[in-house]
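Residue-level listing of the chains:
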Amino acid sequence: MKSASWVSAVLLDCVWALGCGPHYEYAIEEFCLAKFRLDMQELDQGHWCSWEDTVELYGELTNCTYLVALKMDCFWPNLLVDDFFIRVHKTYFHNCSLSGRLLRDPPNRILGPFIAMPILVTLLVTALVVWRSKRSEGIV
């Protein structure tokens, strides 16, 4: 009987070392993730990788996990929160680039000079070479 109480005490210590128990995990799944799921379903799936479109939803999810931890007297962040966010990322952000942004071309006002300048320099150098080769003065 004494070994059973020792095992339960060790398990309880392990749960507290994590910062929370399964009740916290259940709470963040039911309260925080449920709302995040609904919000992400309202957002077009093509915008899931756009940080501008998801930053507010992601911030609310983070704050929710923090507030639930405070209410339940849990440490935050903890291993359960880390695992929770890894699952969220695997579900919603697995196809996103590392920067978290959609890759797209810069606006034309920025891209235009980077295209026009090499073309103009090439034309100028070509004209200079042709002009210089037609001048045969001073060549011995």
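Predicted model only: the values in this text are computed from it and were never measured.

Engineer: Would you explain the side chain of Thr 54 in this entry?
Structural biologist: Mapped onto the elements of the fold, Thr 54 is located in helix α3 (residues 51-71). When its relative accessible area of 2% is taken as the criterion, Thr 54 is described as buried. Within the structure, Thr 54 has its side chain in polar contact with the backbone oxygen of Ser 50 (distance 3.1 Å). Once residues lying within four places of it in the same chain are set aside, the contact partners of Thr 54 are Met 40, Leu 43, His 47, Trp 48 and Phe 93.

Engineer: Sorry, what's going on with unusual backbone geometry here?
Structural biologist: Peptide bonds are trans in most cases, and residues, glycine excluded, mostly fall at negative phi. A cis amide bond links Trp 76 with the next residue in sequence, Pro 77, at an omega value of -5 degrees. Structurally, Pro 77 is set in the loop between α3 and α4 (79-92). Notably, Asp 73 is not glycine yet its phi reads approximately 55 degrees, a positive angle. As for its position among the elements, Asp 73 is in the loop between α3 and α4.

Engineer: Honestly, the state of the cysteines in this entry has me stumped. Any pointers?
Structural biologist: Structurally, a disulfide amounts to a covalent bond that connects the sulfur atoms of two cysteines. Considering all chains together, one arrives at 2 disulfides under this definition. Between the sulfur atoms of Cys 32 and its disulfide mate Cys 64 the distance is 2.0 Å. Since a negative S-S torsion denotes a left-handed disulfide, the Cys 32-Cys 64 link at about -80 degrees is left-handed. Placement of the pair is Cys 32 in helix α2 (residues 22-42) and Cys 64 in helix α3, with a sequence separation of 32 residues. Disulfide partner of Cys 49: Cys 96, at an S-S distance of 2.0 Å. Taking the sign of the S-S torsion, about -85 degrees here, the bridge from Cys 49 to Cys 96 comes out left-handed. Of this pair, Cys 49 sits in the loop between α2 and α3 while Cys 96 sits in the loop between α4 and α5 (108-134), and the two are 47 residues apart along the sequence. In this structure Cys 96 comes out as buried when scored by relative accessible area, which is 18%.

Engineer: How should the packing of α3 against α4 be read in this particular structure?
Structural biologist: Packed helix pairs are specified by the crossing angle of their axes together with the interaxial distance, meaning the distance between the axes. Between α3 and α4, whose axes approach to 12 Å, the crossing angle comes to 155 degrees. Considering the angle they form, α3 stands roughly antiparallel to α4. The two elements α3 and α4 meet at a crossing, and its hand is right-handed. In this structure, α3 uses Tyr 58, Leu 61, Thr 62 and Thr 65 to contact α4, whose residues at the interface are Phe 84, Phe 85, Val 88 and His 89. The class makeup of the residues in the contact of α3 with α4 is 5 nonpolar, 3 polar and no charged.

Engineer: Would you mind going over the UniProt feature "transmembrane region" (unreviewed entry) in the protein chain with me for this structure?
Structural biologist: The feature "transmembrane region" (unreviewed entry), as given by UniProt, occupies residues 110-131 in the numbering adopted here. Helix makes up 100% of residues 110-131 and strand makes up 0%, while its end C-alpha atoms are separated by 33 Å.

Engineer: Can you help me understand the pattern of salt bridges in this one?
Structural biologist: Two side chains that carry opposite charge are able to pair once their charged atoms sit near each other. Counted according to the given criterion, the structure contains 4 salt bridges. Notably, a salt bridge pairs Arg 87 with Glu 25, separated by 3.8 Å at the nearest N-O pair. Note that Arg 87 is positioned in helix α4 and Glu 25 in helix α2, a separation of 62 residues in sequence. Glu 25 sits in the partly exposed class, given a relative accessible area of 27%. The salt bridge partner of Lys 35 is Glu 60, with a shortest N-O separation of 3.3 Å. Placement of Lys 35 in helix α2 and of Glu 60 in helix α3 is noted, with a sequence separation of 25 residues between them. Classification of Glu 60 by relative accessible area gives partly exposed; the value is 32%. A network of salt bridges, in which partner residues are shared, links Glu 25, Glu 29 and Arg 87.

Parameters at a glance
Residues numbered from 1 in each chain as written. Predicted model: local features only at pLDDT ≥ 70, side-chain atom pairs only at ≥ 80, totals over all residues. Heavy atoms only, no water. Helix = DSSP H or I, 4+ residues; strand = E, 2+ residues; numbered from the N terminus. Buried < 20%, exposed > 50% of the residue type's maximum accessible area, 1.4 Å probe, protein only. Polar contact = N/O pair within 3.5 Å; in protein donor to acceptor, adjacent residues only side chain to side chain. Contact = heavy atoms within 4.5 Å. Disulfide = S-S within 2.5 Å. Axes fitted to C-alpha atoms, helices over the stretch in contact; angles between N-to-C directions. Parallel < 35°, antiparallel > 145°, perpendicular 65-115°, else oblique. Left-handed = near helix turned anticlockwise from the far one by under 90°. Nonpolar A, V, L, I, M, F, W, Y, C, P; charged D, E, K, R; others polar. UniProt positions renumbered as here; feature names shortened; annotations may be inferred. Salt bridge = Lys/Arg side-chain N within 4 Å of Asp/Glu carboxyl O.

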